[in-house]
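# Coordinate analysis (summary)
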Amino acid sequence: MRKMEKQLHKISKEQEYNEYVKKKVPKPNYLKNSIWAFFVGGMICTIAQFILNTFQDFGISKTDSNTITVIIMVFLGAFLTGLGIYDKIGKRAGAGSIVPITGFANSIVSPAMEFKREGYVFGVGSKMFSLAGPVLVYGFGSSVAIGLLYFFLSK
Amino acid sequence: MEYIKAFIVGGIICVIGQLLMDSTKLTPAHVLVTFVTSGAILTALGIYEPIVKFGGTGATIPLPGFGYSLAKGAIDSVKKAGLLGAFTGGIESTAGGVAAAIVFGYLMAVIFNPKSKK
Amino acid sequence: MAVKKLGKQTVQFQNTPIIIGTSTTVGPKEGEGPLSQYFDVILKDDYYGEDSWELAESKMLRETVKAAISKSNKNISDMEYMLSGDLLNQLMSASFAARDLGIPFFGLYGACSTMTESLSLGAMLIDGGYADNLVAVTSSHFSSAERQFRFPLELGSQRPPTAQWTVTGAGAAILSNYGHGPKITHVTTGKVIDLGITDANNMGAAMAPAAADTIVNHFQDTGLSPDYYDLIVTGDLGVIGKEITEEMVLDKGYNITKVYNDCGLLIFDNEAQDTHAGGSGCGCSASVFCGYIYQEMQNRRINKVLLISTGALLSVTSAQQGESIPGIAHAVAIVNDES
């Protein structure tokens, strides 16, 4: 009984402290962050649209042009990460540079580069998926699940 | 006009991600996973297709677009190949992007070194 | 019988250990900060000529020990103990440096509280008659810490306003039975305190209750009042943690506002250097104490200092498992002789 009371007292003290701290923490600048995210994210997509249109103008099919565009965007994201530019964009743009596919490339190159010293198998090879791995797991996972659902429901 | 649509749709998707990160404690990895999965689910529900039609790369380049390709690939393959398509379709339709990410990622990691932050 | 014990958590020294010399090494960013003139070595490149940031940090620690020993007119062979720790797993920087230096070594982990942890134990060894000369040293490195605790450097992520910036720096202090310099008079050892903060981007708030508890216990045990000190300085609480500590200590009836500061706020200009809530890391209180505070004490602009290094005892594992962040803080009172 005494132990439970003590436990309850501890929890309420922690809640009280967390509330108190919450009041002291400065809020992120939602508006400024959102404007940056909008502008940079929009810019990246517009560049991709330009690439897509260019390939379509050459008479390449829509599906293939789309794939080529994704590959080029991934290359740009990876290259800018290698040059040390992508993290500087990301500091301002936040989700604006994380959410586009270039951000996916950034999340692969950045740990791979940094863990080179740990070797090419356990360093580069395994660390390059430390952030992108979960994306592939849940992406492929949900794709298969949707395919299965579609198969059984459309019968 | 196409460019403006792509700009606006892409921008809005990124703003949603930004608000998610700012108002919760979600890390970039959490946002990426959430966006890919929700893109796939929205596609299955038939909601994302019209957004892609309208926004072009504004909807396909952000990560929900990756989920879109995955789900659409799976569904199209099931139509063509039946049950097996559920397993092959998603990966087939995104193979280019994923392979590019791995190859370019590896190359960049070999060529470049990380720089210290100032 | 523990004749030197004072109250519950404090020790009062009889043969007060003397800090006969110190040295500091800091990274380029710290060298651009407001305390730049107080540091002995400012690195141009934080790889420090090594292949990895971990080795660079270890070299920083090692070279700082050597510099502190020679500034104190001693030899490496005079050092009977090296008390040292850092933030890396299994104390890579400290133990690799100790391997090269060949000084008998105690590895300490107190997260960012390690500077006062090593000073505390070092002072006890000297007063206890177990050594005449020893070195207390810690280091931290922005890039190696970031890599271990957070995300890769080149990842385009944003830091929240409460985030702190790990200081690239090392500070070493030589403690001796003989010689001239400021003396360590008291040590108050802190308890681990956890008020349930889980946000690893708000370490100041996680550590502040531990700092406040140690400061209050120090005053209660010694009977001293805040006015006794010219400077009460915590390790790396940053903007938010400093404010909370001040209020929590005031709540217990001690007003420290006039003399209180935080090493994490002294080392950077938060606005100009974009360091958000301030500096952090073992190297923060180490370089500020061994650089700025020690030199100001030698020049007698500051005579009585209470240094409280603060540590957040989280690990990557505990954070990923969603556990809250336990805090720790040790206080060391350092006083100039009256003259």
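Looking now at the overall build of chain C. For chain C, the count of helices and strands is eleven helices and 15 strands. For chain C, the C-alpha radius of gyration of 18 Å lies close to 20 Å, the compact-globule estimate for 339 residues. When its C-alpha atoms are laid out on the principal axes, chain C stretches across 55 × 45 × 35 Å. Residues classed as buried in chain C amount to 65% of the 339 residues present. For chain C, the exposed surface amounts to about 11,900 Å²; the carbon and sulfur share of it is 48%. The centroid of the 22 positive side-chain charges in chain C is displaced by 5 Å from the centroid of its 38 negative side-chain charges.

In total, this model carries 20 salt bridges over all chains according to the counting rule given. Between C:R147 and A:E118 there is a salt bridge whose closest N-O contact spans 2.5 Å. Separated into two different chains, C:R147 in helix α5 (residues 142-149) and A:E118 in the loop between α6 (101-114) and α7 (120-127) make up a pair that spans both. On the basis of relative accessible area, C:R147 is assigned to the buried category, the value being 10%.

Turning our eyes to something else, we now look at the interface of chain A and chain B. At the interface, 68 residues of chain A touch 68 residues of chain B. Interface area for chain A against chain B, summed over the two sides, is near 5,700 Å², with a carbon-plus-sulfur share of 80%. Here chain A is connected to chain B by zero salt bridges. Taken together, the connections running from chain A to chain B amount to 14 residue pairs in polar contact (both at pLDDT 80 or more). If you list the elements that add at least two residues to the side of chain A that touches chain B, you get α2 (30-57), α3 (62-82), α4 (86-93), α5 (95-98), α6, α7 and α8 (129-153) of chain A. Of the residues that constitute the side of chain A that touches chain B, the class distribution is 46 nonpolar, 19 polar and three charged.

A separate point is the domain arrangement of chain C. Note: interface size is frequently given as the accessible area lost on complex formation between the parts. Residue and element names in this part refer to chain C. According to the domain assignment, chain C contains domain 1 (5-176) and domain 2 (183-335). The C-alpha centroid of domain 2 is placed 17 Å from the C-alpha centroid of domain 1. The interface is formed by 63 residues belonging to domain 1 together with 62 residues belonging to domain 2. In total, domain 1 and domain 2 occlude about 4,800 Å² of area from one another, counting both sides; carbon and sulfur atoms represent 61% of this. Where domain 1 packs against domain 2, one counts zero salt bridges. In this assembly, domain 1 and domain 2 are joined by 33 residue pairs in polar contact (both at pLDDT 80 or more). Of all the secondary structure elements, the ones that give two or more residues to the side of domain 1 that touches domain 2 are β2 (10-12), β3 (18-26), α1 (28-31), α4 (114-127), β7 (133-140), α5, β8 (165-166) and β9 (169-176). The class makeup of the residues in the side of domain 1 that touches domain 2 is 30 nonpolar, 24 polar and nine charged.

Turning to the nonpolar core, a few remarks are in order. Counting 51 residues, the largest nonpolar core has A:I101, A:F104, A:V135, B:L63 and B:F66 as the members making the most contacts within it. Element by element, the count of residues in this core is highest for α6(A), at seven residues. If sequence neighbours within four positions are ignored, B:F66 has contacts with A:I101, A:V135, A:L136, B:V36, B:T60, B:T94 and B:V98. Listed in part, the 47 residues of the second largest apolar core include C:C263, C:I267, C:C284 and C:I293.

The predicted structure's coordinates, where accompanied by low pLDDT, should not be read in detail. Per-residue pLDDT for chain C averages 96, and the proportion of residues at 70 or more is 100%. For this predicted complex, the interface confidence comes out at an ipTM of 0.94, alongside a pTM of 0.93.

The next subject is the interface of chain B and chain C. With ten residues of chain B at the contact, the number on the chain C side is 14 residues. Around 1,000 Å² of area is buried between chain B and chain C when both sides are counted, 58% of it from carbon and sulfur atoms. Linking chain B to chain C there are one salt bridge. For C:D199, the salt bridge goes to B:K25, with nearest N and O atoms at 3.4 Å. Applying the counting criterion to the chain B and chain C interface returns five residue pairs in polar contact (both at pLDDT 80 or more). Looking at the side of chain B that touches chain C residue by residue, the class counts come to three nonpolar, three polar and four charged.

Another aspect to go through is α2(A). If you check α2(A), its first and last C-alpha atoms are 40 Å apart, about what 28 residues at 1.5 Å a residue would give, namely 40 Å. Count one or two residues on from α2(A) and you reach A:G59, which has phi positive near 90°.

On the secondary structure map, C:D227 appears in the loop between α6 (203-222) and β11 (231-234). C-alpha separation for the pair C:D227 and C:S143, spaced 84 residues apart in sequence, amounts to 39 Å.

Conventions we followed
Here the residue index of a chain counts from 1 through its sequence in written order. Here the convention is simple: chains get letters from A, ligands get numbers from 1, in the order in which they are written. In keeping with the predicted nature of the model, local features appear solely for residues at pLDDT of at least 70, side-chain atom pairs appear and are counted solely at 80 or more, and the whole-chain, interface and lining totals rest on all residues. In computing side-chain properties, one takes all heavy atoms of the structure into account and sets aside hydrogens as well as water. Counting from the N terminus, the helices are the DSSP runs of H or I reaching at least four residues and the strands are the DSSP runs of E reaching at least two. Within these notes, the globule rule equals 2.2 Å times the number of residues to the 0.38 power, and the radius of gyration is based on C-alpha atoms. Burial classification: accessible surface area is computed with a 1.4 Å probe over protein chains only, and a residue below 20% of its type maximum counts as buried, one above 50% as exposed, and the rest as partly exposed. Note on areas: Shrake-Rupley with a 1.4 Å probe; residue coverage comes only from the protein chains shown. Residues scored as charged are limited to Lys and Arg (positive) and Asp and Glu (negative), so that His and the chain ends carry no count. Lys charges are placed at NZ, Arg charges at CZ, Asp charges at CG and Glu charges at CD. Criterion for a salt bridge: a side-chain nitrogen of Lys or Arg within 4 Å of a carboxyl oxygen of Asp or Glu. Contact definition: two residues touch when any of their heavy atoms are within 4.5 Å. Summed over both partners, buried area is the accessible surface (1.4 Å probe) that two parts give up on being assembled. Think of a polar contact as two N or O atoms within 3.5 Å of one another; within protein, one of them needs to be a possible hydrogen donor and the other a possible acceptor, and neighboring residues in sequence only count if both atoms come from side chains. Throughout, the ten residues Ala, Val, Leu, Ile, Met, Phe, Trp, Tyr, Cys and Pro are labelled nonpolar, Asp, Glu, Lys and Arg are labelled charged, and all others, Gly among them, are labelled polar. Each domain's limits were defined by an automated method or a database of domain assignments. Within this scheme, the nonpolar core is defined by two criteria: the residues are buried Ala, Val, Leu, Ile, Met, Phe, Trp, Tyr or Cys, and they are joined through side-chain atoms within 4.5 Å. As a per-residue quantity, pLDDT reports the predictor's confidence and falls between 0 and 100. A helix's residues, less one, multiplied by 1.5 Å, set its expected span.

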